[in-house]
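Remarks on the overall topology
Listed below, chain by chain, are the residues.
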Amino acid sequence: EHPLLNYGVGENLILLGREAEGLERVEWLLRAEPDSVHANGWVARLAANAAATSLRDPARALASAEVVLARAPRQVAATLSKSLALVRRGEFEAALAALDKAARIPSTMLESLELTRALALCGLGRRDEARAVRAALGDVRDDSGDAYSCRERDRLLEELRAALAR
């Protein structure tokens, strides 16, 4: 089957919440074009923050995000994936540095970026700062972008709530 056709099917499966199936299809394009910004972007997002934790792989997320950022340095979703992968690896200072760079790029993903910042601060034991970041966001909106981005943001919000409760 054609890699681009499989990529398109895979992207739609991911958007529908069928992440494992979608990832399999996206990987067709990745095998054909290892430097594909689109395929690496989805791999990075899923490996960083898939709903199914079994799909998460911070090392893979980081590697795929770096491929995207080498070709598209202002790609905010890749920066989010990179930052979250760094948080999951315990590299909190590096995550904050990546997030600081992304903060200068206008994006509908601001809430997810800031929730990731708060998670990194929690990892550093700076819970008061994390609470301040969360409070500055106010009520989390329902219109941050596509349905997948909203689910991704909601997972981060729940993870932050748990981290702050510890």
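Scroll up for the structure.
The numbering scheme is per chain: residues are counted from 1 as the chain's sequence reads. At least 70 in pLDDT is required for a residue's local features to be given in this predicted model, at least 80 for side-chain atom pairs to be given and counted, and no such filter applies to totals for whole chains, interfaces and linings, which use all residues. With hydrogens and water stripped out, all remaining heavy atoms of the structure feed into the side-chain values.

**Re the layout of surface pockets**
Cavities and pockets were defined on a 1 Å grid built from protein atoms only: a cavity is a group of points that admits a 1.4 Å probe but offers it no way out, a pocket is an open group of points flanked by protein on both sides within 12 Å along at least five of seven lines, and a lining residue is one with an atom within 4 Å of any such point. Grid points are joined across faces, edges and corners, and a volume is the space filled by probe spheres set on the points. The volume enclosed by the largest pocket comes to roughly 160 Å³. Residue lining of the largest pocket: E66, L69, P73, T79, K82, A98, K101, A102 and I105, and that is the complete set. Helix and strand assignments follow DSSP, with helices taken as H or I runs no shorter than four residues and strands as E runs no shorter than two, numbered in order from the N terminus. At the level of elements, α4 (58–71), α5 (76–88) and α6 (92–102) are the ones that each hand at least two residues to the lining of the largest pocket. In the lining of the largest pocket, the residues fall into five nonpolar, one polar and three charged. Classification convention: Asp, Glu, Lys, Arg as charged; Ala, Val, Leu, Ile, Met, Phe, Trp, Tyr, Cys, Pro as nonpolar; all other residues, Gly among them, as polar.

**Quick notes on the pattern of salt bridges**
Oppositely charged side chains can pair when the atoms bearing their charge come close. The rule for a salt bridge is simple: a side-chain nitrogen of Lys or Arg has to be within 4 Å of a carboxyl oxygen of Asp or Glu. With the rule as written, the count across this model stands at 15 salt bridges. The residue R45 makes a salt bridge to E152 at a minimum N-O spacing of 2.7 Å. Taken together, the positions of R45 in helix α3 (residues 37–49) and E152 in helix α9 (residues 147–165) put the pair 107 residues apart, joining distant regions of the chain. The exposure class assigned to E152 is buried, which follows from its relative accessible area of 2%. Taking the shortest distance from any N to any O, the salt bridge between R153 and D154 comes out at 2.9 Å. Each residue is placed in one exposure class: buried if its accessible area under a 1.4 Å probe, protein chains only, is under 20% of its type's maximum, exposed if it is over 50%, and partly exposed if it falls in between.

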